[in-house]
Amino acid sequence: MKILYFAWLRTTIGKSSEDISPPEAVHTVSDLLDWLPSLGENYSSALEKRDLLRIAINQEYADLDQKIKPGDEIAIFPPVTGG
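Residues numbered from 1 in each chain as written. Predicted model: local features only at pLDDT ≥ 70, side-chain atom pairs only at ≥ 80, totals over all residues. Heavy atoms only, no water.

S.K.: Teacher, can you tell me more about unusual backbone geometry here?
M.R.: For residues other than glycine, phi is negative in most cases, and the peptide bonds are mostly trans. Residues other than glycine seldom take positive phi values, yet A7 does so here, at roughly 55 degrees. Looking at where A7 falls in the secondary structure, it is placed in the loop between β1 (2–5) and α1 (8–13). According to the relative accessible area criterion, A7 is partly exposed, its value standing at 44%. Here N58, not a glycine, exhibits a phi torsion of approximately 50 degrees, which is positive. Tracing the backbone shows N58 in the loop between β3 (54–57) and β4 (60–62). With a relative accessible area of 39%, N58 lands in the partly exposed category. (Helix = DSSP H or I, 4+ residues; strand = E, 2+ residues; numbered from the N terminus. Buried < 20%, exposed > 50% of the residue type's maximum accessible area, 1.4 Å probe, protein only.)

Written as C-alpha cells, this is what we have:
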C-alpha cells in the first residue's frame, strides 16, 4: 500500500510518501488512521486532528469507513481552500 502525504502533513511526518504494510487488523481508512500514529511521534502529531483530514483511495475521495486493500494508493491531505 502506498501512502501519500500532502501540505503540512508532509512537513510534520517528514516524507511525501511511503510504501507500508499495515497489520491484518487494518481494514478501513479509520483503522489506518488509528494505526499510523504507532509509527512515531511525527505521525501522532500530524494525524491528531483527524476531523481536518481528507482521504482519497486510488484518487477518489473516501469516507473513514471505506475498505482498503494492500495495492491501494491512499492520499492524506488537509482540506483544500480556494480563493
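S.K.: Even after reading the chapter, I still don't get the nonpolar core, so can you show me in this structure?
M.R.: Among soluble globular proteins, nonpolar side chains are generally buried collectively. The biggest cluster of nonpolar side chains holds 22 residues, and the ones touching the most others in it are L32, L36, I74 and I76. Of all elements in the fold, only β1, α1, α2 (29–35), α3 (41–47), β3 and β5 (73–77) reach the threshold of two or more residues within this core. In this structure I76 touches I3, L4, Y5, F6, L9, L33, L36, L47, L53, R54 and I55, once residues within four positions along its chain are discounted. (Core = buried A, V, L, I, M, F, W, Y, C linked by side-chain atoms within 4.5 Å. Contact = heavy atoms within 4.5 Å.)

S.K.: Please explain the pairing of β1 as it appears in this structure.
M.R.: The side chains of a regular strand alternate, residue by residue, between the two faces of the sheet. Where β1 meets strand β2 (residues 17–19), 3 bridges bridge the pair, whose relative direction is antiparallel. Note that in β2 the partner of L4 across the bridge is S17. Pairing geometry for β1 and β5, over 4 bridges, is parallel. Across the sheet, residue L4 finds its bridge partner in β5, namely A75. (Pairing = 2+ DSSP bridges.)

S.K.: Would you mind going over the pattern of salt bridges with me for this structure?
M.R.: Side-chain pairing between opposite charges can occur once the charged atoms of the two side chains come close. Applying the stated criterion to the full structure yields 3 salt bridges. When the shortest N-O distance is used, the salt bridge between E18 and K15 registers 3.3 Å. (Salt bridge = Lys/Arg side-chain N within 4 Å of Asp/Glu carboxyl O.)

S.K.: Is there a simple way to explain the sheet that holds β5 in this structure?
M.R.: In a beta sheet, neighbouring strands are held together by backbone hydrogen bonds and run either parallel or antiparallel to one another. With mixed pairing, the 5 strands of this open sheet are ordered in space as β2-β1-β5-β3-β4. This sheet does not close on itself; its edge strands, each paired only once, are β2 and β4. Mean inter-strand twist for the sheet, computed between neighbouring axes without regard to direction, equals 25 degrees. (Axes fitted to C-alpha atoms, helices over the stretch in contact; angles between N-to-C directions.)

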